[in-house]
Amino acid sequence: MPAADPVARLAAELSEAVGAPIELERPSDPAHGDYATNAALRLAPERRQSPRELGEEIAASVASAPGVERTEIAGPGFVNLWLTDAWLADALAAIVERGRDFGAGEPNASLAMPAKRSRDSLARPLIPVEPECRERIQVEMVSANPTGPITVAAARNGAYGDSVARLLEFAGHQVEREYYYNDSGTQMEKFRASVEARRRGEEPPEDGYRGAYVDELAASDEDPVPRMLEQVERTLDRFRVHFDSWALQSELEGRLDEFLPRLDTYEKDGAIWARSSKYGDDDDRVLVRSPERGGGPTYRAADVVYLADKLERGFDRAVYVLGADHHGTRRWYAAVAQMLGYDPERLEVLLYQLVHLTSGGRQRKISKRRGDVVFLDDFMDEVGVDAARWYLVNRGPDQTIEIDVDLAAERSQKNPVYYVQYAHARIAGILRNASAEPSGEDLLPSEPLAPEERGLIKRLLEFPAIAAEATERRGPQGIPVFAIRVADDFHRFYHEHRVLGSDAEAFRLALVRATQNVIACCLDLVGVEAPERM
């Protein structure tokens, strides 16, 4: 039975032969081998040998390993390895056998509500996810106040958070998505006051909300908040971000009295403060305002209840996706967790930067209050859902995104999402015309593998490590980058080699099927469809 990750299996076999961990890397130049390791440079000080001498020993140890055709020492002690065509054919068979699950973890169908776990077990890396490391994880995302339709800026939260959730699911974790919305407080009062003003034919308050959507809401006598929430949910569903649950700030605030006794608090100027600075936060935080300021709970108080609510629902890990202006929230949540007796390692705060849209060389401004805002629905109308998802996740969350709307809307190979989808659709066309379904059996062709065939197989074999790294780093932006490289290698292969009717048809059909599966998986991980025709 082929290994689920052939490269990982090869590394394990070589490690056993050498008696020390071996990590394999793919050289950028095929002339330097199929894979290489710097193990000699790492182990030389420990073994008190020169790297070159140790490299020669390692090369001799692995030269007879299954699948290794030859080895070579390069530079100060790098060991380059060339693999046999038979090994690559077996590796391709493993990819075909796993189908769309190649690179995925094994989900635990019987995963139940977990018992209390130790700090060490919670701190273990999520990748690789052996059964004992799988977790029940909540990802809370978007959570924009329902004071207007979802904007492109808030959509980055959804695209990033949902892609992280998809990666965690792909790795084998049980993931639930939640939207937390503020249905009370100052901003909601300003929103309702703005709608009421328009109903009276007046301008909204100076610090209120403006725009056509406010006028539309004013045409009805209904409370605008539930109507706005319905629109938000419809928009996000269209954006392929589907929530398992919705949390209300007003309901959480009502439970504050349950948790105040468990917190380290004090009174000052008539308000109740959390002594959070004692637990690593930047400052102490007001939980309940003074009577002069209304005496009500602050949004920090709702944070306390919400954090406890998440963890008491049995989640091993709670992931918050927030804008970069919430950079101090990490320490606040960790302080609350400590005061309540929870392990702060169970909490993650993922931050993302702003989004700028340009069209015709000019930047569009985004302000929900002024009304000159770009709403997600309008953006999807202009560029399509696939491009919207792709462009909002193809940069690291720590980078500001600048999206050229004209390019995003273009249906040509200049547009990277179209380019990758076209590769998938082209393969679908090949497979429709094939006389038989590709098989993972007897794949080794009679002729030596061409460089383009070897290169495409090795590219596909990178996927498990790419997906694992993207999950562990919470960095889905690595997936679109990899998908483009796969499409590049496929187009290069397809330009040089005929598939149908060739002497190597069975092998090449398996190769294109494996490529299609990896591309489809990459697209799905970032919420983009894999079309059969274009």
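Every value quoted in this text rests on a predicted model; they were computed, and no experiment measured them.

Q: Is there a simple way to think about the sheet that holds strand 3 (residues 78–83) in this case?
A: Backbone hydrogen bonds are what pair the strands of a sheet, in a parallel or an antiparallel way. The strand order across the open sheet formed by three strands is 1-3-2, and the pairing between neighbours is antiparallel. In the strand order of this sheet, the two ends are held by strand 1 (35–37) and strand 2 (68–74), each with one partner. For this sheet, the mean inter-axis angle between neighbouring strands, taken without regard to orientation, is 25°. As defined by bridge partners, strand 1 adjoins strand 3 across three bridges and the pair is classed as antiparallel. Bridging from a neighbouring strand, Y35 pairs with L81 of strand 3.

Q: Sorry, what's going on with a negative patch on the surface here?
A: On the surface, D221, E222, E230, E233 and D237 cluster together into a negatively charged patch. As for its placement among the helices and strands, D237 is situated in helix 9 (residues 224–238). The partly exposed category is assigned to D237, whose relative accessible area is 45%.

Q: In this structure, what is going on with the packing of helix 17 (residues 416–432) against helix 21 (residues 505–525)? I would like to understand it.
A: Describing two packed helices takes the angle between their axes plus the distance from one axis to the other. Taken N-terminus to C-terminus, the directions of helix 17 and helix 21 make an angle of 145°; their axes are 9 Å apart at the nearest point. Relative to helix 21, helix 17 is oriented so that their crossing is left-handed. Within the contact between the two elements, helix 17 uses V420, Q421, A423, H424, I427, A428, I430 and L431 and helix 21 uses L509, V512, R513, T515, Q516, I519, A520 and L523. The class makeup of the residues in the contact of helix 17 with helix 21 is eleven nonpolar, four polar and one charged.

Q: Would you take a moment to explain the pairing of strand 5 (residues 174–181) for this structure?
A: In regular strands, side chains alternate between the two faces of the sheet. The buried fraction of strand 5 is high, at six of eight residues. The pairing of strand 4 (residues 136–140) with strand 5 spans five bridges and is classified as parallel. Its bridge partner being in strand 5, V139 is matched across the sheet by R177. Since strand 4 and strand 5 lie parallel, the crossover through helix 6 (residues 152–171) that links them has a hand, and here it is right-handed.

Q: Explain unusual backbone geometry to me, please; I cannot follow it from the model alone.
A: The bulk of non-glycine residues show a negative phi, and the bulk of peptide bonds are trans. Even without a glycine there, the phi angle at R48 is positive, about 55°. Tracing the chain through its elements places R48 in the loop between helix 2 (39–47) and helix 3 (51–62). Residue S143 is not a glycine yet carries a positive backbone phi of 50°. In this structure, S143 sits in the loop between strand 4 and helix 6. For S143, a relative accessible area of 16% corresponds to the buried category.

Q: Would you mind going over the pattern of salt bridges with me for this structure?
A: Side-chain pairing between opposite charges can occur once the charged atoms of the two side chains come close. A complete count under the given rule lists 40 salt bridges for this structure. Between D207 and K190 there is a salt bridge, with its nearest N and O atoms 3.1 Å apart. Separated by 17 residues along the polypeptide, D207 in the loop between helix 7 (186–199) and helix 8 (212–218) and K190 in helix 7 bring together distant segments of the chain. Of the charged contacts, one joins E529 and R240 as a salt bridge, the two residues approaching to 3.6 Å between their closest N and O atoms. On the criterion of sequence distance, the pair formed by E529 in the segment after helix 21 and R240 in the loop between helix 9 and strand 6 (245–248) is long-range, its members being 289 residues apart. Given the relative accessible area of 47%, E529 is considered partly exposed. Take R240: its relative accessible area is 17%, and that puts it in the buried class.

Q: Would you take a moment to explain helix 12 (residues 299–312) for this structure?
A: Residues separated by three or four positions in an α-helix point in the same direction, a consequence of the helix having 3.6 residues per turn. When the terminal C-alpha atoms of helix 12 are compared, their 20 Å separation across 14 residues agrees well with the 20 Å that a helix rising 1.5 Å per residue should span. Of all 14 residues in helix 12, twelve are buried; the element is thus mostly enclosed. If you check which residues of helix 12 are buried, you get R300, A301, A302, D303, V304, V305, Y306, L307, A308, D309, K310 and L311. Just downstream of helix 12, G314 is the residue with a positive phi angle, here 95°.

Q: What should I look at first to understand the side chain of S502 in this one?
A: With respect to the helices, strands and loops of the structure, S502 is situated in the loop between helix 20 (478–496) and helix 21. Among the residues examined, S502 registers a relative accessible area of 12% and is labelled buried. In this structure the side chain of S502 is engaged in a polar contact, spanning 3.3 Å, whose partner is the backbone oxygen of R498.

Q: Quick question: what am I supposed to make of the sheet that holds strand 4 here?
A: If you trace the five strands from one edge of the open sheet to the other, you get 6-5-4-10-11, paired in parallel fashion. Edge positions in the sheet fall to strand 6 and strand 11 (347–352), since each of these pairs with one other strand and no more. Geometrically, the sheet is characterised by an average inter-axis angle of 25° between neighbouring strands, direction not taken into account. Note: strand 10 (residues 317–323) against strand 11, six bridges, orientation parallel. Bridging across to strand 11, L322 finds its partner in L351.

What counts, and where the lines are drawn
Residues numbered from 1 in each chain as written. Predicted model: local features only at pLDDT ≥ 70, side-chain atom pairs only at ≥ 80, totals over all residues. Heavy atoms only, no water. Pairing = 2+ DSSP bridges. Helix = DSSP H or I, 4+ residues; strand = E, 2+ residues; numbered from the N terminus. Axes fitted to C-alpha atoms, helices over the stretch in contact; angles between N-to-C directions. Patch = residues over 30% accessible without salt bridge, like charges linked within 9 Å, V, L, I, M, F, W, Y side chains within 5 Å. Areas by Shrake-Rupley, 256 points an atom, 1.4 Å probe, with all protein chains shown as cover. Salt bridge = Lys/Arg side-chain N within 4 Å of Asp/Glu carboxyl O. Lys, Arg positive; Asp, Glu negative; His and termini not counted. Charge placed at Lys NZ, Arg CZ, Asp CG, Glu CD. Buried < 20%, exposed > 50% of the residue type's maximum accessible area, 1.4 Å probe, protein only. Left-handed = near helix turned anticlockwise from the far one by under 90°. Contact = heavy atoms within 4.5 Å. Nonpolar A, V, L, I, M, F, W, Y, C, P; charged D, E, K, R; others polar. Right-handed = clockwise from strand over helix to strand, strands pointing away. Expected span 1.5 Å × (residues − 1). Polar contact = N/O pair within 3.5 Å; in protein donor to acceptor, adjacent residues only side chain to side chain.

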